[in-house]
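# Fold and geometry: a report
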Amino acid sequence: MRSRGDRIKYYLGNLLLIASVAVVYIPIFWMISTSLKTAPEVFKWPPSLIPLRPVLESYRELFVPENRYFQFFRNSLIVAGATTAIALAAAVLSGYGLSRFKFKGRSAILVFFLITQMFPFSLVLLTLFLFFSKLHILNSYFGLILAFVGISLAFSIWMLKSYFDTIPYELEEAATIDGSGRFGTLFRIILPLIGPGAIATAIFIFITSWNEYLLAATLAMSEKVRTLPPGLSMSYMSFLKISWNGLMAASVVASLPSVILFAFLQRWFIQGLAAGAVKG
Amino acid sequence: MKRLLVPHQTYSLRSQNIRFALLVISPAFVIAGVALYYPIFNSALMSLQKVYFGSSRFDWVGLANFRAVLRGSVFLKSFTWTLLYGVLSTVLLFVVGMYFALLLNRKMPGTNLIRGLLLMPWSIPVFVNAFLWLWLLNVQYGFVNYILVTLRILPQPVHWTGGSLVAKASVLLAYIWRVFPFNMIVYLAAFQTVDPMYYEVADIEGANKVQQFFLTIVMLRNIITFTALLNFIWAFQEFTTIWIMTRGGPAGATNTLMTQVYTRSFMERNFGEAAAMGAMWVLFLMVFSVFYIRFLLARED
């Protein structure tokens, strides 16, 4: 702090930041507040910002078997979990191959993956639906996972390839001279080094799958495998009057996995993103 | 960010290396082929067919689907809005993301905590975000109308998803609120890569804060362009927010490529025309892809 003017600017900046954070947090505050209200209080005007008499009624209702909430939740976890594992494994291998070996056609393969980001999913869905129906994998975890892995690959491969590019090549050379096999080198020497990149990518895939609505709603119409996004949309919004406190409670719980993931793994996520995406 | 300064080397061109590379690339290659390329090619063929829903029957009809789509006013309208949505969201994400990144990029206690707090919207699921904004913007009981009317900014509550212009603003607002933390984090990380020496020189040369900001922008032009390209692609792929909040309405005002193709196919059961719309989009996006991919591949070297 050199001068008084600088000091004033400093505090004004802090004030601006805190006020801005407060504005960003209004929706989250409103979501939690609504989820704790009773049905009559939701439709009170003017609305109460903090519930007059907070109740856990809406949360309790999620456990009612007819609502199938936790069935959808479990389906979402299964599909997002499996998608993350499979897409991460495939992307690590491809990212490694595309980062470490220069051969004719390498750029073409990279383009092959990158360009899939331009495929409008709704267009892919048109015939994917018919294709899956022919293979009898509509309404199955397998079909959903296959589609979700497909849409996560491009970005994941690019992130991991960029991350592999930042790892010095000498380590592998030493391991190769030591007589470690190719897969041995990859698994024992290289994988431990890409921790942040792999975690960042895994979070990305998990969130993509957890969020996916369009493919989930079309490829899984049966309640048995229905995931949360179409599940919630169908259970709470098919009526003329939406139960907002119920929907907000369901939303708070549906946000928990990704929020918790972020709370714990944020540091790695930022590191991985910084090294992978933010180069040059 | 400490960067490892070892130059990127590669293995010698031995055939077993290539075989190994192809082996490790193959799983992703096969999945992308089955889940993305096969359906997209089939959809391209479908744009030339009349498809009878519920049976495997179809007729080849040439360009009839394209003619039908171009004759209607819906396609052009959604084309314009999709482009606008892409451009506006990319610009707004840059502005909001940069605003928070600059506010956080100062010496101040607790920045790590605040940065963590600001990441929160990005960890809120897209569908939850759409429900939440629908509720915030509710005409009768929503918080936004409450606060705006109480503060006398609005004379009376607005039906946010009811009018063409306000519905467009609503879906944009909901989308920006969730995605801006991504831009913020990338810009913040990018700031760390700028050598402080440049600012010292700028200080000595008497550059003011605004000039230093533009210096930063110029130095980070690559990462800013990369983020903008990503934002643009995401906007094109965005379906959930719009579908849940407005179903593409009112009267098609918020219909994008994604909701339009979905409505034409799975709602109206006109697969041929939906495929024709999609095919025109893919042709259009290919022009954009050339730019995107050349940019990414250039960054590689």
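This write-up is about the structure you can find in this document.

Thresholds applied
Residues numbered from 1 in each chain as written. Chains lettered and ligands numbered in written order. Predicted model: local features only at pLDDT ≥ 70, side-chain atom pairs only at ≥ 80, totals over all residues. Helix = DSSP H or I, 4+ residues; strand = E, 2+ residues; numbered from the N terminus. Buried ≥ 20, exposed ≤ 12 C-beta atoms within 10 Å, placed from the backbone. Contact = placed C-beta atoms within 7 Å. Core = buried A, V, L, I, M, F, W, Y, C linked by C-beta atoms within 7 Å. Domains from an automatic or database assignment. Expected span 1.5 Å × (residues − 1). Nonpolar A, V, L, I, M, F, W, Y, C, P; charged D, E, K, R; others polar.

### So, the overall build of chain A
When you go through chain A residue by residue, the secondary structure sums to 13 helices and 0 strands. Its helices and strands in sequence order give chain A the pattern α-α-α-α-α-α-α-α-α-α-α-α-α, from N to C terminus. With the C-alpha coordinates aligned to their principal axes, the bounding extent of chain A is approximately 75 × 75 × 30 Å. Out of the 280 residues belonging to chain A, those deemed buried represent 48%. Looking at chain A alone, contacts between residues at least 24 apart form 78% of all its contacts between residues at least 6 apart.

### Side note on the environment of A:Gly81
All names here are of chain A. Structurally, Gly81 can be placed in helix α4 (residues 69-100). Residue Gly81 is classed as partly exposed on the basis of its C-beta count, with 15 C-beta atoms lying within 10 Å. A sequence separation of 104 residues divides Gly81 from Thr185, and the C-alpha atoms of the two residues are 27 Å apart.

### Brief notes about the nonpolar core
Residues A:Val149, A:Leu153 and B:Ala28 are the most contacted members of the largest nonpolar core, which totals 159 residues. Considering each element in turn, this core owes the most residues, 16 residues, to helix α7 (residues 141-165) of chain A. Of the residues that make up this core, three or more belong to each of domain 1 (4-58) and domain 2 (64-276) of chain A. Not counting residues within four places of it along the chain, the set of residues in contact with B:Ala28 comprises A:Ala90, A:Ala91, A:Leu93, A:Ser94, A:Phe113, A:Leu153 and A:Ile157.

### Some remarks on α7(A)
Taking 1.5 Å per residue, 25 residues should reach 36 Å; α7(A) reaches 34 Å between its end C-alpha atoms and fits that length. With 22 of 25 residues buried, α7(A) is to be regarded as a mostly interior element.

### Some details on unusual backbone geometry
Cis geometry is found at the peptide bond from A:Trp45 to A:Pro46, where omega equals -5°. You can see A:Pro46 is positioned in the loop between α2 (39-42) and α3 (57-62). Backbone torsion omega between B:Gly249 and B:Pro250 reads -5°, so that peptide bond is classified as cis. Here B:Arg152, not a glycine, exhibits a phi torsion of approximately 65°, which is positive.

### A few points about the interface of chain B and chain A
Contacts between chain B and chain A engage 82 residues on the former and 84 residues on the latter. Per element, the largest residue contribution to the side of chain B that touches chain A is 18 residues, and it comes from helix α1 (residues 15-46) of chain B. Grouping the constituent residues of the side of chain B that touches chain A by class yields 64 nonpolar, 15 polar and 3 charged.

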